[in-house]
There are 2 protein chains.
Amino acid sequence: MNDANYPWCILVPERADISEVFHLSTEDQIILQQETALLGQSLQRLFQADKINIGAIGNMVPQLHIHVIARFKNDPVWPAPVWGKMEAKKYTEIARKNAILSIQNALGDKLTAIS
Amino acid sequence: MNDANYPWCILVPERADISEVFHLSTEDQIILQQETALLGQSLQRLFQADKINIGAIGNMVPQLHIHVIARFKNDPVWPAPVWGKMEAKKYTEIARKNAILSIQNALGDKLTAIS
């Protein structure tokens, strides 16, 4: 997400017209679980996060997507969940590119579609 | 959860001192994914929910737990996520028992620790 308040990624399974995790095949559910865990662990290590928050909400954008957010005890809304609390604080273009690069490096070649 | 605003369950893996999904073994992660999907699908069918919201937050209670919440377009805070929005509206004792019984029935013998 273009929100510099917290490192915040969104995983979108490339499957059409899916709004709930349980609509995926069992195999795809396992892949999504593994990718979510990999991303969460990578963000936690990279940013030394105090907690990783994971959410499949989708009340406004129904296409299935998983929020994976690195949280810190001194971030702007801790301990509340992030949704609906703060206006997104846009990255500068350089900071955005750097954040994406560091996350891509932390993931290695395991997840390639982070942008 | 004792909150009649929305059907709201919490899954707590019986593993000590775990705060993140990715701290679980791969096998346990898959079981948790399957149980989360089963619970989500059962709540969706039972209550004819418009959306299932799933979250692993844990900023205040670190022991790993997964929120699985049935949401409706006419529920009190739709489309916002539920956390931090409304005071819990306690069930009456009879309504609480009935809600638990219907969820237990919807799950059959697949998940037994709902309470």
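Details of the structure are given in the entry above.
Please read these numbers as outputs of a predicted model, since none were measured by experiment. (Residues numbered from 1 in each chain as written. Chains lettered and ligands numbered in written order. Predicted model: local features only at pLDDT ≥ 70, side-chain atom pairs only at ≥ 80, totals over all residues. Heavy atoms only, no water.)

*Asks:* Tell me about the overall build of chain A, and please be specific about residues and values.
*Replies:* A tally of regular secondary structure across chain A gives two helices and three strands. What you see in chain A, going N to C, is helices and strands ordered as β-α-β-β-α. With the C-alpha coordinates of chain A rotated into their principal frame, the extents come out at 40 × 30 × 25 Å. Counting only residues that meet the buried cut, chain A has 47% of its 115 residues in that class. If you take every contact in chain A between residues at least 6 apart in sequence, the share linking residues at least 24 apart comes to 63%. Carbon together with sulfur atoms contributes 52% to the accessible area of chain A, which is approximately 6200 Å² in total. Counting 11 positive and 12 negative side-chain charges, chain A places the averaged centre of each group 9 Å from the other. (Helix = DSSP H or I, 4+ residues; strand = E, 2+ residues; numbered from the N terminus. Buried < 20%, exposed > 50% of the residue type's maximum accessible area, 1.4 Å probe, protein only. Contact = heavy atoms within 4.5 Å. Areas by Shrake-Rupley, 256 points an atom, 1.4 Å probe, with all protein chains shown as cover. Lys, Arg positive; Asp, Glu negative; His and termini not counted. Charge placed at Lys NZ, Arg CZ, Asp CG, Glu CD.)

*Asks:* So what's going on with helix α1 (residues 26–47) of chain A? Residues and values would help.
*Replies:* The end-to-end C-alpha distance of α1(A) is 31 Å, a good match for the 32 Å that 22 residues give at a rise of 1.5 Å each. Every buried residue of α1(A) is accounted for by Asp28(A), Gln29(A), Leu32(A), Gln33(A), Thr36(A), Ala37(A), Leu39(A), Gly40(A), Ser42(A) and Leu43(A). Buried residues along α1(A) sit against β1 (8–11), β2 (51–56), β3 (66–71) and α2 (93–107) of chain A together with α1 (26–47) of chain B. Phi turns positive, to about 50 degrees, at Gln48(A), one or two residues after α1(A). (Expected span 1.5 Å × (residues − 1).)

*Asks:* How would you sum up the pattern of salt bridges? Please name residues and give values.
*Replies:* Close approach of charged atoms lets side chains of opposite charge pair. For the structure shown, the criterion picks out eight salt bridges over all chains. Between Glu20(A) and Lys51(B) there is a salt bridge; the shortest N-O distance is 3.0 Å. Residue Glu20(A) is found in the loop between β1 and α1, and its partner Lys51(B) is found in strand β2 (residues 51–56); the two belong to separate chains. We classify Glu20(A) as buried; its relative accessible area is 4%. (Salt bridge = Lys/Arg side-chain N within 4 Å of Asp/Glu carboxyl O.)

*Asks:* Give a description of the packing of α1(A) against α1(B) that names residues and reports values.
*Replies:* Axis separation between α1(A) and α1(B) bottoms out at 10 Å; the angle between their running directions is 120 degrees. By the angle between their directions, the pair α1(A) and α1(B) is classed as oblique. Our pair here, α1(A) against α1(B), has a crossing hand that is right-handed. Within the contact between the two elements, α1(A) uses Thr26(A), Gln29(A), Ile30(A), Gln33(A), Gln34(A) and Ala37(A) and α1(B) uses Thr26(B), Gln29(B), Ile30(B), Gln33(B), Gln34(B) and Ala37(B). Residue composition of the contact of α1(A) with α1(B), grouped by class: four nonpolar, eight polar and no charged. (Axes fitted to C-alpha atoms, helices over the stretch in contact; angles between N-to-C directions. Parallel < 35°, antiparallel > 145°, perpendicular 65-115°, else oblique. Left-handed = near helix turned anticlockwise from the far one by under 90°. Nonpolar A, V, L, I, M, F, W, Y, C, P; charged D, E, K, R; others polar.)

*Asks:* So what's going on with the relation of the copies chain A and chain B? Which residues, and what values?
*Replies:* After a rotation of 180 degrees and a shift along the axis of 0.0 Å, chain A superposes on chain B with an RMSD of 0.0 Å. The transformation just described matches what one would write down for a two-fold rotation axis. The position closest to the rotation axis in chain A is occupied by the C-alpha of Gly55(A), lying 2.1 Å away. (Least-squares fit on C-alpha atoms with pLDDT ≥ 70 in both.)

*Asks:* Let's hear about the side chain of Thr36(A): which residues, and what values?
*Replies:* Note on placement: Thr36(A) falls in helix α1. Once residues within four sequence positions are removed from consideration, Thr36(A) is found in contact with Leu11(A), Ile54(A), Ile66(A) and Val68(A).

*Asks:* Hey, could you go over a nonpolar patch on the surface for me, with residue numbers and the actual values?
*Replies:* The grouping of Met1(A), Ile10(A) and Val12(A) at the surface amounts to a nonpolar patch, some 240 Å² of accessible area in total. Mapped onto the secondary structure, Ile10(A) falls in strand β1. (Patch = residues over 30% accessible without salt bridge, like charges linked within 9 Å, V, L, I, M, F, W, Y side chains within 5 Å.)

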